[in-house]
Amino acid sequence: MSPERHAPTTVLPVIVTTAAELGARLDAARAEGRTVGLVPTMGALHRGHAGLIRLAAERCDVTVVSVFVNPLQFGAGEDFEAYPRDLDADADLAGRAGADVVFAPPVEEMYPRPIQTTVHVDGITTVLEGAFRPGHFDGVSTVVAKLFALTGRCRAYFGEKDWQQLAVVRRMAADLSMPVAVIGVPTVREPDGLALSSRNVYLSPAEREVAPLIHLALQAGAQLVADGETDPVSISSVMVSVLATEPAFDLHYAVAVDPHSLVSPPAFHPGDEVRLLVATRLGRARLIDNAGAIVGLPQTPYDRKADTTCAGA
Ligand code: AMP
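Residues numbered from 1 in each chain as written. Predicted model: local features only at pLDDT ≥ 70, side-chain atom pairs only at ≥ 80, totals over all residues. Heavy atoms only, no water.

## A look at the nonpolar core
Phase 1: Residues Val64, Val144, Phe148, Phe158, Met172 and Val182 are the most contacted members of the largest nonpolar core, which totals 43 residues.
Phase 2: Two domains each put at least three residues into this core: domain 1 (14-188) and domain 2 (198-294).
Phase 3: For Phe148, the contacting residues outside a window of four places in its chain are Leu38, Ala156, Phe158, Val169, Met172, Ala173, Met178, Val180 and Val182.
Phase 4: Among the nonpolar cores identified, the runner-up in size contains 31 residues, and Leu203, Ala211, Leu287 and Ala293 belong to it. (Core = buried A, V, L, I, M, F, W, Y, C linked by side-chain atoms within 4.5 Å. Buried < 20%, exposed > 50% of the residue type's maximum accessible area, 1.4 Å probe, protein only. Domains from an automatic or database assignment. Contact = heavy atoms within 4.5 Å.)

This is the structure:
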């Protein structure tokens, strides 16, 4: 790795693979009065992850990036084995974004024996992703609960890209009084609007070309909401019709829901916050994305900027 790729002050993160060493380092930091930031990831880091890491590094004294492809959150026939893994590249990107520690435990360290205790968040886990990926959120909440336990008191940064996951983690931390402040970070996108995702590598060139239609569909839905539309079905139909222009999409859902309950009310009201969520298969990849809007409130330049930022790592 060439020195010129690093800013002069960048220090490569320490790679920690055991729970004991992570706990010892973070306990020592907190004993000195230093605050801890945690960015949980499954690796294959990209600029979206870098945005989370940079924010954590700006706000916290010690920033930990966990890199763990969690078998518990993959269903049968999903891409657990195929999921891209490259720890050296991850450590390099994490370091450049400001991480101090990369926690990359082997599976046996996280699950030394068959697990008998899992965390289940009720209600919001049965819809949308929960309906298409049964058990997925139990795997997510269980591994995040373990990461929170191993990290201890901290601020934890999650992407709005995975809106339902963010809602589940927030709810778990609040319901179980975990000493963790859960912070959501806006989605980082490619210049053409496609949300950055580790799974974008599965797209063929032709699929990559049409993938930004997902963002266009969300923008069309958001515009309708901003124009005052209150009917969730009409909002959904507009998004579906944008995606229907491209037969490569196998659409799983395109919905307008309450951002907290993740359920569509019979009708929204002026001033209501609306979350638009899309999931679709595109070739080998299953892509998800979302956007927010307020009924009857024109989208502000700030919203548009936050939603289309493509920050360099
Ligand atoms: P993953 O490694 O895909 O499990 O993602 C780890 C964290 O990064 C999660 O909190 C994601 O929501 C977040 N993340 C992934 N992609 C993006 C993106 N394009 N913009 C912002 N955050 C993201």
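## Focus on the packing of aromatic side chains
Phase 1: Inspection of the entire model under this criterion finds 5 aromatic pairs.
Phase 2: Sitting over the face of the ring of Phe80, Arg85 holds its NZ or CZ atom 5.0 Å from the ring centroid.
Phase 3: Sitting over the face of the ring of Trp163, Arg275 holds its NZ or CZ atom 3.7 Å from the ring centroid. (Phe/Tyr/Trp six-rings, centres within 6.5 Å; stacked < 30°, edge-to-face > 60°. Lys NZ or Arg CZ within 6 Å of the ring centre and 35° of its normal.)

## Digging into the sheet that holds strand S2 (residues 36-41)
Phase 1: Strand order in the open sheet formed by 6 strands is S1-S4-S3-S2-S5-S6, and the pairing between neighbours is parallel. Looking at which strands have only one partner, the edges of the open sheet turn out to be strand S1 (14-16) and strand S6 (180-185). Going across the sheet, the axis of each strand differs from the next one's by a mean of 25 degrees, ignoring polarity.
Phase 2: In the sheet, S2 pairs with strand S3 (residues 62-67) via 6 bridges, with the strands oriented parallel. Among the inter-strand pairings, Pro40 is bridged to a residue of S3, identified as Ser66.
Phase 3: The strands touched by helix H6 (residues 136-151) are S2, S3, strand S4 (101-103), strand S5 (154-159) and S6; relative to S2, the strand with the most contacts, the crossing angle is about 155 degrees. (Pairing = 2+ DSSP bridges. Helix = DSSP H or I, 4+ residues; strand = E, 2+ residues; numbered from the N terminus. Axes fitted to C-alpha atoms, helices over the stretch in contact; angles between N-to-C directions.)

## Regarding helix H3 (residues 87-97)
Phase 1: Inspection of H3 places Asp90, Ala91, Asp92, Leu93, Ala94, Gly95 and Ala97 among the buried residues, and these make up the whole buried set.
Phase 2: Structurally, H3 contributes buried residues whose contacts are with S1, helix H2 (47-59), S3 and S4.
Phase 3: Of the residues flanking the end of H3, it is Gly98, one or two places downstream, whose phi is positive at about 115 degrees.

## Quick word on unusual backbone geometry
Phase 1: One non-glycine residue with positive phi stands out, namely Ser177, at about 50 degrees.
Phase 2: Positionally, Ser177 belongs in the loop between helix H7 (163-175) and S6.
Phase 3: Here the phi dihedral of Leu262 falls at roughly 65 degrees; this positive angle occurs in a residue that is not glycine.
Phase 4: Note on placement: Leu262 falls in the loop between strand S7 (249-257) and strand S8 (273-282).
Phase 5: The buried category is assigned to Leu262, whose relative accessible area is 2%.

## As for the site of the ligand
Phase 1: In the vicinity of the ligand there are 17 residues, among which Met42, Gly159, Asp162, Val188 and Leu196 approach most closely.
Phase 2: Here His49 contributes a side-chain N or O atom positioned 3.0 Å from an oxygen atom of the ligand.
Phase 3: Backbone polar atom of Leu196 to a nitrogen atom of the ligand: 2.8 Å apart, as the coordinates give it.
Phase 4: Looking at the shell around the ligand, the elements with two or more residues in it are S2, H2 and S5.
Phase 5: Residues belonging to the shell around the ligand are distributed by class as follows: 8 nonpolar, 7 polar and 2 charged. (Near = heavy atom within 4 Å. Polar contact = N/O pair within 3.5 Å; in protein donor to acceptor, adjacent residues only side chain to side chain. Nonpolar A, V, L, I, M, F, W, Y, C, P; charged D, E, K, R; others polar.)

## Thoughts on the pairing of S6
Phase 1: Sheet topology places S5 next to S6; 6 bridges connect them, and they run parallel. Note on S6: the bridge partner recorded for Tyr157 is Ile183.
Phase 2: Since S5 and S6 lie parallel, the crossover through H7 that links them has a hand, and here it is right-handed. (Right-handed = clockwise from strand over helix to strand, strands pointing away.)

## Overview of the domain arrangement of the chain
Phase 1: Domain annotation of the chain identifies domain 1 (14-188) and domain 2 (198-294).
Phase 2: On a C-alpha basis, the centroid separation for the pair domain 1 and domain 2 is 26 Å.
Phase 3: On the domain 2 side, the residues contacting the 21 residues of domain 1 number 19 residues.
Phase 4: Contact between domain 1 and domain 2 buries roughly 1,700 Å² in total, counting both sides, with carbon and sulfur atoms accounting for 56%.
Phase 5: In terms of surface lost to domain 2, no three residues of domain 1 exceed Leu128, Phe132 and Trp163, which account for 36% of the buried area on that side.
Phase 6: Joining domain 1 to domain 2, the criterion identifies 3 salt bridges.
Phase 7: Glu129 serves as the salt-bridge partner of Arg286, at 2.6 Å between the closest nitrogen and oxygen.
Phase 8: Of all the elements in the fold, those that place two or more residues in the side of domain 1 that touches domain 2 are helix H5 (129-132) and H7.
Phase 9: Tallied by class, residues from the side of domain 1 that touches domain 2 come to 10 nonpolar, 5 polar and 6 charged. (Buried area = accessible area lost by both parts, 1.4 Å probe. Salt bridge = Lys/Arg side-chain N within 4 Å of Asp/Glu carboxyl O.)

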